[in-house]
Amino acid sequence: MTGPVKAGTVKTGTVKCVVWDIDNTLLSGVYLESGQQLPPVAPGMAAVLSELTARGIVHAIASRNPLAAATHAAQVTGCDFVAAECGWGRKSDAVARIAAELNIAADALAFVDDDPYERAEVTFALPPVLVLSPEDMADAVGWPEFSPSVVTPEARRRAAMYAQRRRRLAAERSFGGSREEFLRSCGTRVTIAAAAAADVPRLHELSERTSQFNSAGAGLTEEEFRSLISSPASGVLTVRLRDTFGDDGMVGACVTEHGVTEHGVTEHGVTEHGAGGWTVRLLMMSCRAMGRGVIEALLAWLTRSAAQEGARVLRVPCAVNDRNVPLRLALAAAGFRAADGGEAGRAVFRLDLGGRPPELPDWVSGAGAP
């Protein structure tokens, strides 16, 4: 049987969602065997749920119970669970469906169950998932995996944002038109603007939490972002998203460097013979923005801005890993072509700017937008 994965095996703040069993885990007892007196919340669990929620970590349920058990668990714990998979299939399948529904990678999930067999089954089927017993959770709250280095207002509203996402997806499924028509119908607004000092905590949080859309493959510190914002050699752009379903706040950002030296090498070592290039040192986007036209809008904005300033090429140096495949596919779809980045695990996506720049969707706005 399996025991808990040792703390510290993944980076600080990796866990984005905890998936909970119900019987003898969230609750003190077995729901279907409780008769008229439904079981109460397990000792200490309400406090654990509340503390993790305050850190921007969301919660879901995977249980061999009717859906009514999840409703009861939500009532007695006071927790807003963002997903619930109730049924009699394998727990690993339920966890995988939750990951897909929330668009969260398996290595950003934790799974908590009192049954050693269920823990072993999930560990075998989904090795990246952090698998724990209920007894582990009192200590796990203090582990780095559950301790993000910064918690922003966006993080505290994460459960509400997932509720907005469920309503948006339901509306989209019933909508008869194209994706672009749906985005317009629900009042999508993407605002691209220069970053300010007040944005630094959220910029740092995004750099730490994003992986599917993170070109650098690593985060930047708050001090690094402050330095980049104040540097005349760099531009830091924020991307905010809202629609009639709710305000997602800052969902993305990028760091750009304009021009190259006369020797054809930027101060950060990206080579480009000839003058007039733009380099996107960091491009990052929250998974909440996926499928909502935001990454396409940002790439179009960058392309138009670079061309308008006379740049002949736009480059995005990119880590090449299993996590950021969606970003690399988005770059390819926007016309970028990958070349060797000069070191293992790196590539440079390049777009020549000689042609007509792409049109910006009419839901994109922002200070300095071309």
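Residues numbered from 1 in each chain as written. Predicted model: local features only at pLDDT ≥ 70, side-chain atom pairs only at ≥ 80, totals over all residues. Heavy atoms only, no water.

(A) How the structure looks around the pattern of salt bridges. As enumerated under the stated definition, the model contains 21 salt bridges in all. For Arg97, the salt bridge goes to Glu85, with nearest N and O atoms at 2.9 Å. Of this pair, Arg97 sits in helix H4 (residues 91-102) while Glu85 sits in strand E3 (residues 83-86), and the two are 12 residues apart along the sequence. A salt bridge links Glu180 to Arg179; the nearest nitrogen and oxygen atoms lie 3.7 Å apart. Given a relative accessible area of 35%, Glu180 falls into the partly exposed group. Among the charged side chains, a network of salt bridges with common partners joins Arg168, Asp243, Asp248, Arg288 and Arg292. (Salt bridge = Lys/Arg side-chain N within 4 Å of Asp/Glu carboxyl O. Helix = DSSP H or I, 4+ residues; strand = E, 2+ residues; numbered from the N terminus. Buried < 20%, exposed > 50% of the residue type's maximum accessible area, 1.4 Å probe, protein only.)

(B) A look at unusual backbone geometry. Positive phi is not limited to glycine here, since Asn24 has a value of about 55 degrees. The topology assignment puts Asn24 in helix H1 (residues 22-26). We classify Asn24 as partly exposed; its relative accessible area is 39%. For Asn103, which is not glycine, the phi dihedral falls at a positive 60 degrees. Look at Asn103 and you get buried, because its relative accessible area is 18%.

(C) Summary view of the layout of surface pockets. Approximately 370 Å³ is the volume attributed to the second largest pocket. Contributing to the lining of the second largest pocket are 26 residues, with Glu296, Leu299, Ala300, Ala334 and Pro358 lying nearest its centre. Looking at side-chain class alone, the lining of the second largest pocket contains 16 nonpolar, 4 polar and 6 charged residues. (1 Å grid on protein atoms, 1.4 Å probe; cavity = no way out; pocket = protein on both sides within 12 Å on 5 of 7 lines; lining within 4 Å. Points joined across faces, edges and corners; volume = space filled by probe spheres on them. Nonpolar A, V, L, I, M, F, W, Y, C, P; charged D, E, K, R; others polar.)

(D) Spatial organisation of the sheet that holds strand E1 (residues 17-20). Pairing within the open sheet is parallel, and its 5 strands lie in the order E3-E2-E1-E4-E5. Where the open sheet ends on each side, the last strands, each with one partner, are E3 and strand E5 (130-132). Neighbour to neighbour, the strand axes of the sheet diverge by 20 degrees on average, direction disregarded. Note that strand E2 (residues 58-63) and E3 share 4 bridges and pair parallel. The residue of E3 that forms the bridge with Ser63 is Cys86. Along the sheet face, helix H3 (residues 67-77) touches E2 and E3 and points at about 140 degrees away from the line of E3. Packed on one face of the sheet, helix H5 (residues 116-125) meets strand E4 (109-112) and E5 and runs near 175 degrees to E5. (Pairing = 2+ DSSP bridges. Axes fitted to C-alpha atoms, helices over the stretch in contact; angles between N-to-C directions. Contact = heavy atoms within 4.5 Å.)

(E) Quick look at the confidence of the model for the chain. Across the chain, pLDDT averages 88, with 90% of residues at or above 70. The model gives residues 1-10 a pLDDT under 50, and that stretch makes 25 contacts with residues more than four places away or in other chains. Between residues 261-275, whose pLDDT stays under 50, and residues either more than four places distant or in other chains, the model counts 26 contacts. (pLDDT = per-residue confidence, 0-100.)

(F) Spatial organisation of empty space enclosed by the protein. Scanning all chains against the criterion turns up 2 cavities of 30 Å³ or more. Roughly 180 Å³ of internal volume is contained in the largest cavity. If you trace the largest cavity, you find 16 residues lining it, with Lys16, Arg209, Thr210, Ser286 and Cys287 closest to the centre. The element contributing the most residues to the lining of the largest cavity is helix H10 (residues 200-209), with 3 residues. Each residue belonging to the lining of the largest cavity can be placed in one class, and the counts come to 7 nonpolar, 4 polar and 5 charged.

(G) Representation of the pairing of strand E8 (residues 246-258). The buried count for E8 comes to 11 of 13 residues, which makes it a mostly enclosed element. Hairpin remark: strand E7 (residues 234-243) followed by E8, antiparallel, with 2 residues in the connecting loop. The sheet contact formed by E8 and strand E9 (residues 277-285) spans 7 bridges and is antiparallel. Residue pairing for E9: Glu257 is matched across the bridge by Thr279.

(H) A look at the sheet that holds E8. With mixed pairing, the 8 strands of this open sheet are ordered in space as E11-E12-E10-E9-E8-E7-E6-E13. Sheet topology places strand E11 (337-340) and strand E13 (364-365) at the edges, where each strand pairs with a single neighbour. Its contacts with the sheet place helix H8 (residues 158-174) against E7 and E8, and it is angled at close to 100 degrees to E8. Each of E7, E8 and E9 touches H10; the most contacted strand, E8, lies at about 85 degrees to it.

(I) Fine view of the pairing of E9. Within E9, 8 of the 9 residues are buried, leaving the element largely enclosed by the surrounding structure. Across 3 bridges, the pairing between E9 and strand E10 (residues 313-319) is parallel. The residue of E10 that forms the bridge with Trp278 is Leu314. Read from E9 through helix H12 (residues 294-308) to E10, the crossover connection turns out right-handed. (Right-handed = clockwise from strand over helix to strand, strands pointing away.)

(J) View of the side chain of Thr303. Tracing the sequence through the fold places Thr303 in helix H12. Its relative accessible area of 7% is what places Thr303 among the buried residues.

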